[in-house]
Amino acid sequence: MPELTHPLPPGSTIGILGSGQLGRMTASAAARLGYRCHAYDDAAALTRFAEAVDVVTFEFENIPLTTVEVLEKLVPLRPGASVLKICQHRLREKDFCNGVSVPTTAYRAAGDLAGLEQAVAEIGRPCILKSAELGYDGKGQVRIDATSDLTQAWAAMRGHAAEGASVGGSAAGGVVEAIVEFRMEISVIVARSADDSIRSFVPVENRHKNHILDETIAPANLPGEVADRAEAIARHLAKEIGLVGLLAVEMFVTHDNKILVNELAPRPHNSGHWTLDACVTSQFEQFVRAVAGLPLGATDRLCDAVMKNLLGDEADDWLRILSDPGAKLHLYGKAEARPGRKMGHVTRLIRR
Ligand code: AMP
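Bear in mind that the values here come from a model prediction, so they are computed numbers and not experimental data. (Residues numbered from 1 in each chain as written. Predicted model: local features only at pLDDT ≥ 70, side-chain atom pairs only at ≥ 80, totals over all residues. Heavy atoms only, no water.)

Chemist: Can you walk me through the overall build of the protein in this structure?
Modeler: A tally of helices and strands in the protein yields 11 helices and 16 strands. A compact globule built from 352 residues should have a C-alpha radius of gyration of about 20 Å, and the protein, at 20 Å, falls within 12% of that. The dimensions of the protein, computed from C-alpha atoms along their principal axes, are 60 × 50 × 40 Å. Expressed as a percentage of the 352 residues in the protein, the buried residues total 55%. Taking as baseline every contact in the protein between residues at least 6 positions apart, the subset at least 24 positions apart corresponds to 64%. For the protein, the accessible surface area stands at approximately 15,300 Å², while carbon and sulfur atoms represent 51% of it. Within the protein, one finds 38 positive and 44 negative side-chain charges whose respective centroids are separated by 3 Å. (Helix = DSSP H or I, 4+ residues; strand = E, 2+ residues; numbered from the N terminus. Rg over C-alpha atoms; globule rule 2.2 N^0.38 Å. Buried < 20%, exposed > 50% of the residue type's maximum accessible area, 1.4 Å probe, protein only. Contact = heavy atoms within 4.5 Å. Areas by Shrake-Rupley, 256 points an atom, 1.4 Å probe, with all protein chains shown as cover. Lys, Arg positive; Asp, Glu negative; His and termini not counted. Charge placed at Lys NZ, Arg CZ, Asp CG, Glu CD.)

The structure is reproduced here in structure tokens:
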């Protein structure tokens, strides 16, 4: 398997699987460090793509495992296929966390309707059924209350998963999770390089609307001890999973300050966009540094910040947003503003 044994010199080419806004912002950070980027979303031309780049990474997890396993034999892949394999499957993700002593919500696998009945009986109602693969922004999730019909819940979850299967994957089974009465949802973004240096950004609070991230508040307003614990968990997971690259760890903080990991994403994350404007090194630059074998940058926060996503027609407000001279507006250049689609974000810097 090809490995990168030295830092990539400027002028080298980074291949990015996926061509959304995360890839776009990564390519922009890479360009500042002197790299070229090839974005890639054509499964037919894999070999040609591998020949044209020096290292490959990805900006989303819903890539068929076979694609990255083939690529990994041709060109260095960071993070590796084994990381993607865990992070693209909710059950494997939770098993992995628990296996390295990191708590998650209580959960059970549900491979079919009979499995769902068993799992719900064990976890208790209310609970949430999530598709094991291909879920994002709350898609593929069904809440099961005292009166919910499990046949319908199963069909609804499978329906969402089948929609997601169009991005290339199999609709696997489901996971039943206990509902957490959380105090706050937070995330920590951590980078790890091949020489085992690890740097994390401060925990941030994430507020959702309709299951989609609406606002990120940096830093999360938590006692120092809890924030330190959250960072320690993210660092521990990055090391144990064998990460080279970036990992976003989404967590719930309960009312008694327990931390439960909800999800892992081995790539730049929406909740890290504030770092573009408010940190010494942005999550995108850090990602490029880790993938290219450069020393990691400082993650220090220059000021506090609030990042607001611009979904659908919220981005039409660009002129009003710009009339606040301190607002840092980022638009992704997408042509069609469908409801709920991430069209851009705005970060407001809070000077202390
Ligand atoms: P996910 O796709 O797993 O990130 O879930 C999307 C959102 O649904 C989360 O950010 C939470 O707001 C909510 N959610 C997911 N799982 C749970 C849970 N077990 N208990 C309470 N809320 C949840």
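Chemist: What is the right way to look at the site of the ligand in this model?
Modeler: Close to the ligand lie 17 residues; K130, Q141, A178, E185 and E263 are nearest. Measuring from a nitrogen atom of the ligand, one finds a side-chain N or O atom of E177 at 2.9 Å. E263 places a polar side-chain atom, nitrogen or oxygen, 2.9 Å from an oxygen atom of the ligand. Protein burial of the ligand: of its 470 Å² of free accessible surface, 91% is covered by the chains. The set of elements that each furnish at least two residues to the shell around the ligand consists of β5 (127-131), β7 (174-178), β8 (182-192), β12 (245-254) and β13 (259-265). (Near = heavy atom within 4 Å. Polar contact = N/O pair within 3.5 Å; in protein donor to acceptor, adjacent residues only side chain to side chain.)

Chemist: In this structure, what is going on with the nonpolar core? I would like to understand it.
Modeler: It is characteristic of soluble globular proteins that their nonpolar side chains tend to be buried jointly. Counting residues in each nonpolar core, the largest one holds 34 residues, and the members touching the most others are L8, I14, Y35, V55, W274 and V288. Those elements that provide at least two residues to this core are β1 (13-17), α1 (21-32), β8, β11 (212-218), β12, α10 (283-292) and β14 (304-311). Ranked by residues supplied to this core, first place goes to α10 with six residues. Look past the residues within four positions of W274 in its chain and what remains in contact with it is V202, V204, T216, A218, C279, R301, A305, M307 and T347. Formed by 29 residues, the second largest nonpolar core is a distinct cluster that contains C97, V102, A238 and L243. (Core = buried A, V, L, I, M, F, W, Y, C linked by side-chain atoms within 4.5 Å.)

Chemist: Please clarify how the packing of aromatic side chains should be interpreted in this entry.
Modeler: In this description, an aromatic ring pair is defined by two values, namely the gap between the centres and the angle between the planes. Following the criterion strictly, the structure yields two aromatic pairs and no others. Each ring, one from F182 and one from F252, has its centre 4.9 Å from the other, and the planes form 5 degrees; the classification is stacked. In this pair, F182 is assigned in strand β8 and F252 in strand β12, connecting sequence segments 70 residues apart. Using a relative accessible area of 34% as the deciding quantity, one classes F182 as partly exposed. On the basis of relative accessibility, which here comes to 9%, the residue F252 falls in the buried class. (Phe/Tyr/Trp six-rings, centres within 6.5 Å; stacked < 30°, edge-to-face > 60°.)

Chemist: I'm lost on the sheet that holds strand β2 (residues 36-40) in this one. Help?
Modeler: Strand pairing in a sheet relies on backbone hydrogen bonds, with the paired strands running either antiparallel or parallel. Read across the sheet, three strands follow the order β2-β1-β3 without closing on themselves; strand pairing throughout is parallel. The open sheet has two edge strands with one neighbour each: β2 and β3 (55-58). Neighbouring strand axes in the sheet, compared pairwise and without regard to direction, differ in orientation by 25 degrees on average. With five bridges connecting them, β1 and β2 associate as parallel partners. Within the sheet, the bridge partner assigned to I14 lies in β2 and is C37. Lying on the sheet, α1 is in contact with β1 and β2; it crosses β1 at an angle near 170 degrees. (Pairing = 2+ DSSP bridges. Axes fitted to C-alpha atoms, helices over the stretch in contact; angles between N-to-C directions.)

Read these as geometric descriptors, not functional statements.
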